[in-house]
Every structure is written in structure tokens, then in C-alpha cells.
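Each chain, written out:
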Amino acid sequence: LTEPPSPGRYKPPATETNPALEDPTPDYMNLLGMVFSMCGLMLKLKWCAWIAVYCSFISFANSRSSEDTKQMMSSFMLSISAVVMSYLQNPQPMSPPW
Amino acid sequence: MKKLYIFIAVLFIPWSFSLAKYDEFEDGDDIMEYDDNDFAEFEDVSEDTVTESPQRIITTEDDEEEATVELEGQDENQEDFDDTDTQEGDTESEPYDDEEFEGYEEKPDASHSKSKDPITIVNVPAHLQNSWESYYMEILMVTGLLAYIMNYIIGKNKNNRLAHAWFNTHRELLESNFALVGDDGTNKEATSTGKLNQENEHIYNLWCSGRVCCEGMLIQLKFLKRQDLLNVLARMMRPASDQVQIKVTMNDEDMDTYVFAVGTRKALVRLQKEMQDLSEFCSDKPKSGAKYGLPDSLAILSEMGEVTEGMMDAKMIHFLTHYADKIESVQFSDQFSGPKLMQEEGQLTKLPETKKTLLFTFNVPGSGNTSPKDMESLLPLMSMVIYSIDKAKKFRLNREGKQKADKNRARVEENFLKLTHVQRQEAAQSRREEKKRAEKERIMNEEDPEKQRRLEEAALRREQKKLEKKQMKMKQIKVKAM
């Protein structure tokens, strides 16, 4: 009874389990990235801008394929612009916190 | 496509650095003006001596920086004056007149005596230095980013290789058992794609269908997030393994009503808390499977003893003992509805939909450090899955068991209704009030006063009737009670 007479059935229910329930990391990282890049731009803090770049990368790595690349790209560009702006305004190197 | 974006964006960073650095040189112009004032004392002698000899004694007191900038300033000075009067050019070629430089000679003496004093080198603040070394934090950051990107690419490729290794090993078994292997839901007709469906950089799906007894089987290869460096670092603290999750949806007529689970104790405790069906039907704690010859690591959760007896036949025990290290959990349930939904009090008005399902969760050996070869060791587990499908179809409860099962299900439903009774009452009450309000509004909006009166009377009459009915009912109940 291995080869079935029944016809091949449907497509997958496409894992309806709400993807947002499973892993919130990319969303959190996206939000964090935007917050940090805003901080970096407004308060002219270089380290904020760098953390924003990192957050945006992490969000990208954890993202699901169904997610919008536009969102990802926009957070990415925002963080890069935060870094560039902080350096244009203040070309000094970043000082370590210690 | 995504990779291209990354590379372009990464190129922006060093470019922006170079842009930022050019701003510093604009400051040179300011210092040139100071030079002019310094030469002011020599203007009396001759206007042209502003040009001054290019040699300028640099005292050790000056900052290094000032020195370099002044040299630059000197250069610019000379350039400017070259363009203007030729007079100044002439005076430069004249031999130096000692008289003109009276006050000047003292200076070399002064500097001589001062050179005997210890040289104090002033620390130039970092931002005034023009070396790349002062930007070490930035270089560190960029290196970190590059490391992250490298890890992403390596991790992604590893997961990809593992997934395909798994698929190649299992392809034959799957294709011999299922008519449709691999479907991503995009085609209109059900045709076999014969490929894994990549949901993520670490999750791969495979839908198989077209077998007797089951509606379909969804296999999810849930790998570790090797593409995320943070995750890799976190895993160094807390080892975890890749998992293969298989969910078989059974046809309604092909499975009897029972709930049963077997797996590691930890997994079962967690499932019992999380899963709706296990928590409702399997009230006891996970029991040891030693009675059936299972290793200590495995435990059993079951609705009733008969189910356990029926499930634990020789072949199943053989599978479970031999591959115990790879089995995380196995769950057969006719009331499967997923994990418990956390809902507020007022929302739960209907029982969640249930489906007859068999769930399997296997751990890939290697605990994170898997190689494609390890995938072969999972093949017998797939055979176990196939065997379980057939077994679930064949296994039927006897009469007693069936009665117990039905009672259990009725009990669960009743409990649920009781819980929601209050909510449903409230819901009904609010609906009735809504209707009344709507009626009243209609009456109020009615422009014709005559009509208004009539509608009001009609509403009043209905109210009275209802009251009477209620009273009648109460009387009947009282009579019955007596």
C-alpha cells in the first residue's frame, strides 16, 4: 500500500502559524536600529550610529523571506546616513568609553 | 540581490571617511593671517620685507602642529606674493642688510639658551593628528561588520548544504511513499517540485502529499541561525541542535480518537504546559517508559493506559530505543489545535479547531556542529514516521476505550462551555440591549408624531408580553420544583 491510488493533494497550508509569534528578533532589531540612528543623528553620538548599523545588519540576517526588502533597505540606509552625518559634522575619531 | 546591496552600502563607509577628512585643511587659511601680524614689526624698515625670508626659526616651544601649519602658511604666502608686484621679488634677491635685522639676532641667542631646558613635548589631542591610527575605534567597528558579513555568508552556505544533504538522503524514501514531494503553493495544480522550499536562511520546508491515510506531511528543517553572529556567540554559551519537525495531518476517518505523546522528559513537561490538547487530555505527569523497555531518557504522556499499550508494540519500541538520542518528542493526537492561545477573558467563545495530527520532533546529532553526513543518520527516523502513519491508521480502541475517550471529550467540551457561559450570556445580553437601543432610535427619528406614538405603543406591548412569558416560566419552574 505504498503507492496510493488517491490523487496528489493540495499545496501546503504554507505554515500559517503566525510568523510574528515565532520570532520577534528581526522586528525588534529593526525598531532598535531606527531608534539608535535617530539618536545618533539628533544627539550627534557616533556610537549610536554605529550600533544602529549593527542592528540593521542583525535584523537583515534574521529576517524571514516573506518580509519586505524595502523596509530592510530603508532601515539600513537610515543607519548608514546616521554614521555619515555624524562624521561629516564632527570628523574626530570616536573616543572609547573608558 | 541582497548581497549586492550590502556591498554597495559597505563601500559608502570608507568613502564618507575620506570626505570627512578633507574638511580639516580649510583651517589653514586662518592661521596665515596671524603670520601677517607677526611680521608687522618689520613693516617700518620696508614694506617689502613682509615677504620675509623663507627661513624661520622654529622655537621648541611651539606646537608641532602650529609649525606644520605655519610652513603651509608660508608656502601659500609665497604663492600669493609671486603673483603680485615684482618689487617684492627684487628685494628678496638683495643681500641681507644687517641693520634691518637688529632685533632679530637676539632671537637665535634666546633660542639657544632655551634649548638647554628639557624639551616638553605637548600631547597633541587625537583629533588634531592626521594619522589613521587615531581612528582605531572606527576601524574596529568596520572590522566587526566585515566579520558579521563573512559569518553570514558562511552560515548561510552551511545551512544550505545541510538542507540539501538531508533532502538527497531522504528523497528516495519520500518519493516512494508520496505522490507529491515538494510544493511551494505557487502553482495552480499540484505538481511535484522535487525541491525544498526555503523560507529563511535557517528554515526549509517540504510538503509531501498523496498517500493513503494522510492528507499530507509537512517537514520543517529548523536549523540553527548560523548566519547570525550574535546567535553563534550565544550558542557558545548554550549549545543547541538543529531540529527536524514533521507534522502529518491525518484524514478524519483514518485515525481513532486518542491523545498520546512520548519523548524526553523535559520536552514533555514543556509540551504539556504549552499544548492545548496535551494539557486537557493528559492530566498525569509524564511517566517513565521503563515498563516497556524504553530508556530512562524517554517518558510517556497518555490519555489512557490502553492507548499506551496499543502504541508500544515491538517495532515502535525498537525505533524508540535505538534512536532515543535523536528523538525530542512524538505526539499523536486527534484533538490537535496547536499551542494554547493566550486570550483575554471575553474573547474565547468557541473551541479552537482541531485536526488529527501526528507530530515528530527530531534532534540532528552533533549538537550544532553537524556535517552533511549526519543527515544520513536521520533516515531511519523517517521510516519510523511512515510506520507510525500506518500504525495510527490500524490502531483502533476497543469499546471500553472508545467510551472513555468519548467521555473525556465531552467533559472537556462541557468545561469549556461552563467557562464561557458567563461570557456568552453577557454577549447575548449586550446584543439584546443593542436591539432595544436601535428600536428606540428608530422611534425617535420618526418624524411623524402619529407614527411615533404607534411605534412606541407597539414596543411597549412587546415588552409586556416578554415580561408575562418570563413570569409564566418562573411559575412553571416553581411548580415543577414542588
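None of the values given here were measured: they were computed from a predicted structure. (Residues numbered from 1 in each chain as written. Chains lettered and ligands numbered in written order. Predicted model: local features only at pLDDT ≥ 70, side-chain atom pairs only at ≥ 80, totals over all residues. Heavy atoms only, no water.)

Draft legend 1. Broad picture of the overall build of chain A. The secondary structure content of chain A amounts to four helices and zero strands. Each helix and strand of chain A, ordered N terminal to C terminal, gives the series α-α-α-α. Counting all 98 residues of chain A, 42% fall into the buried class. The contacts in chain A between residues at least 6 apart in sequence include a share of 68% that link residues at least 24 apart. (Helix = DSSP H or I, 4+ residues; strand = E, 2+ residues; numbered from the N terminus. Buried < 20%, exposed > 50% of the residue type's maximum accessible area, 1.4 Å probe, protein only. Contact = heavy atoms within 4.5 Å.)

Draft legend 2. Quick peek at unusual backbone geometry. Residues and elements named next belong to chain A. For Lys44, which is not a glycine, the phi torsion comes out positive at approximately 55 degrees. Assignment of secondary structure puts Lys44 in the loop between α2 (25–43) and α3 (46–62). Judged by its relative accessible area of 53%, Lys44 falls in the exposed class.

Draft legend 3. Broad picture of the side chain of Gln220 of chain B. All names here are of chain B. For Gln220, the location among the structural elements is in strand β4 (residues 214–222). Gln220 sits in the buried class, given a relative accessible area of 11%. Only 3.2 Å separates the side chain of Gln220 from the side chain of Asn205, close enough to count as a polar contact. (Polar contact = N/O pair within 3.5 Å; in protein donor to acceptor, adjacent residues only side chain to side chain.)

Draft legend 4. Spotlight on the pairing of β4 of chain B. Residues and elements named next belong to chain B. Within β4, seven of the nine residues are buried, which leaves it mostly tucked inside the rest of the structure. Strand direction decides the pairing type here: strand β3 (residues 203–209) and β4, joined by six bridges, are antiparallel. Looking at β4, one finds that Tyr204 is bridged to Leu221. Here β3 hands over to β4 after four residues, with Gly210 in that stretch at a positive phi of 95 degrees. Sheet analysis places β4 next to strand β5 (residues 243–250), joined by eight bridges and oriented antiparallel. (Pairing = 2+ DSSP bridges.)

Draft legend 5. Looking closely at a nonpolar patch on the surface. Where nonpolar side chains cluster on the molecular surface, the patch consists of Met38, Met42 and Leu43 of chain A and spans about 320 Å² of accessible area. Take Met38 of chain A: it is sitting in helix α2. (Patch = residues over 30% accessible without salt bridge, like charges linked within 9 Å, V, L, I, M, F, W, Y side chains within 5 Å. Areas by Shrake-Rupley, 256 points an atom, 1.4 Å probe, with all protein chains shown as cover. Salt bridge = Lys/Arg side-chain N within 4 Å of Asp/Glu carboxyl O.)

Function cannot be inferred from these measures alone, as they are strictly geometric.
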